[in-house]
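Chain and residue survey
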Amino acid sequence: MLVVGFPAGPLEANCYLLAPEGGGECVIVDPGEDVVEPLEAALSTHGLMPVAMLATHGHPDHVASADEIGARHGIPLYLHEADRPLLGRDAGERKDGIVPLADGPLGLAGLEITVSGTPGHTAGSVVFGLTSAEGGRIVLTGDSLFAGSIGRSAGDGDELVRSLGAKVMTMPDDTVVLPGHGPATTIGQERAGNPFLAGTGA
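Residues numbered from 1 in each chain as written. Predicted model: local features only at pLDDT ≥ 70, side-chain atom pairs only at ≥ 80, totals over all residues. Heavy atoms only, no water.

Examining the overall build of the protein
From N to C terminus, the protein includes 5 helices and 14 strands. Radius of gyration (C-alpha) of the protein: 16 Å, near the 17 Å computed for a compact globule of 202 residues. Per-residue burial for the protein yields a buried fraction of 50% across its 202 residues. Across the protein, contacts joining residues at least 24 apart in sequence account for 57% of those joining residues at least 6 apart. (Helix = DSSP H or I, 4+ residues; strand = E, 2+ residues; numbered from the N terminus. Rg over C-alpha atoms; globule rule 2.2 N^0.38 Å. Buried < 20%, exposed > 50% of the residue type's maximum accessible area, 1.4 Å probe, protein only. Contact = heavy atoms within 4.5 Å.)

See the structure below:
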């Protein structure tokens, strides 16, 4: 599996491209602020054609470029319905180009993606889990889980900890965590050292 990630925008939110391999279809995860130029460069470098955008949640630093990218490539944004109001004043009327996310499997670009709701940072926060053909596991956690921290600002921290304990920290220790900000980590590292997860049974 090909995973390409880069930070962008004032808050350096991580945007990711996921594909079975180079030279084919891909999905874009978290098309946030100022991602269009580096995204187009990455698509060209790896010969990728996007078929969809996935949002871990609806904050601007994770979805601000979705309209422009959607128009360029004719692709929809997958977003949990609870976060639709975060898209702005016309979110209630904007039906075209937005596909609601729900817990369960999602097949896109030759990838089998597991969607799991992790409310707390926002009401509609989700994580995306994937397993590569070689057996490696990754989870894209947006602003729910970071290396050594969680995304508690502007949300319900207690609900988020419960969500993480039930949906994320049950994953195997070798699962690679690709967060919405900052460096990658693993479930094992967070189980052993994340102070916000102490007492969750993780």
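From this point on, the discussion continues.
Quick notes on the sheet that holds strand S1 (residues 2-8)
Taken together, the 6 strands give an open sheet; going across it, the order is S1-S2-S3-S4-S5-S6, and neighbouring strands pair in mixed fashion. Either end of the sheet is taken by a strand with one partner, and the two such strands are S1 and strand S6 (98-101). Mean inter-strand twist for the sheet, computed between neighbouring axes without regard to direction, equals 25°. Note: strand S3 (residues 25-29) against strand S4 (residues 49-54), 5 bridges, orientation parallel. For Val27, the partnering residue across the bridge sits in S4 and is Ala52. Packing of helix H1 (residues 36-46) onto the sheet brings it into contact with S1, strand S2 (13-19), S3 and S4, and relative to S1 it is tilted by some 160°. (Pairing = 2+ DSSP bridges. Axes fitted to C-alpha atoms, helices over the stretch in contact; angles between N-to-C directions.)

Notes on the pairing of S1
Burial of the side chains of S1 is restricted to one face: Leu2, Val4, Phe6 and Ala8 are buried, whereas none of Val3, Gly5 and Pro7 on the reverse face is. Inspection of the sheet shows S1 paired to S2 by 7 bridges, in the antiparallel sense. Each residue of the ladder has a partner; that of Pro7, found in S2, is Asn14. Hairpin remark: S1 followed by S2, antiparallel, with 4 residues in the connecting loop; positive phi at Gly9, about 85°.

Focus: the environment of Gly124
With respect to the element layout, Gly124 can be found in the loop between strand S8 (111-117) and strand S9 (126-131). Apart from the residues lying within four places of it in its own chain, the contact partners of Gly124 are Thr56, His80, Ala82 and Asp83.

Focus: the sheet that holds strand S7 (residues 104-108)
The sheet built from 6 strands is open, its strands ordered S7-S8-S9-S10-S13-S14 with mixed pairing. Looking along the sheet, the strands with just one partner apiece sit at the ends: S7 and strand S14 (185-186). As defined by bridge partners, S8 adjoins S9 across 4 bridges and the pair is classed as antiparallel. When the sheet's bridge partners are listed, Ser116 is paired in S9 with Val127.

So, the pattern of salt bridges
All told, the structure shown has 6 salt bridges when counted by the stated rule. Notably, a salt bridge pairs Arg72 with Glu40, separated by 3.7 Å at the nearest N-O pair. Here Arg72, found in helix H3 (residues 66-73), pairs with Glu40, found in helix H1; they are 32 residues apart in sequence, far enough to count as distant. The partner of Arg191 in a salt bridge is Asp173, and the shortest N-O contact between them spans 2.7 Å. Note that Arg191 is positioned in helix H5 (residues 187-193) and Asp173 in the loop between helix H4 (157-167) and strand S13 (176-179), a separation of 18 residues in sequence. What makes Arg191 partly exposed here is its relative accessible area of 29%. What emerges from the salt-bridge pattern is a single network uniting Glu40, Glu68 and Arg72. (Salt bridge = Lys/Arg side-chain N within 4 Å of Asp/Glu carboxyl O.)

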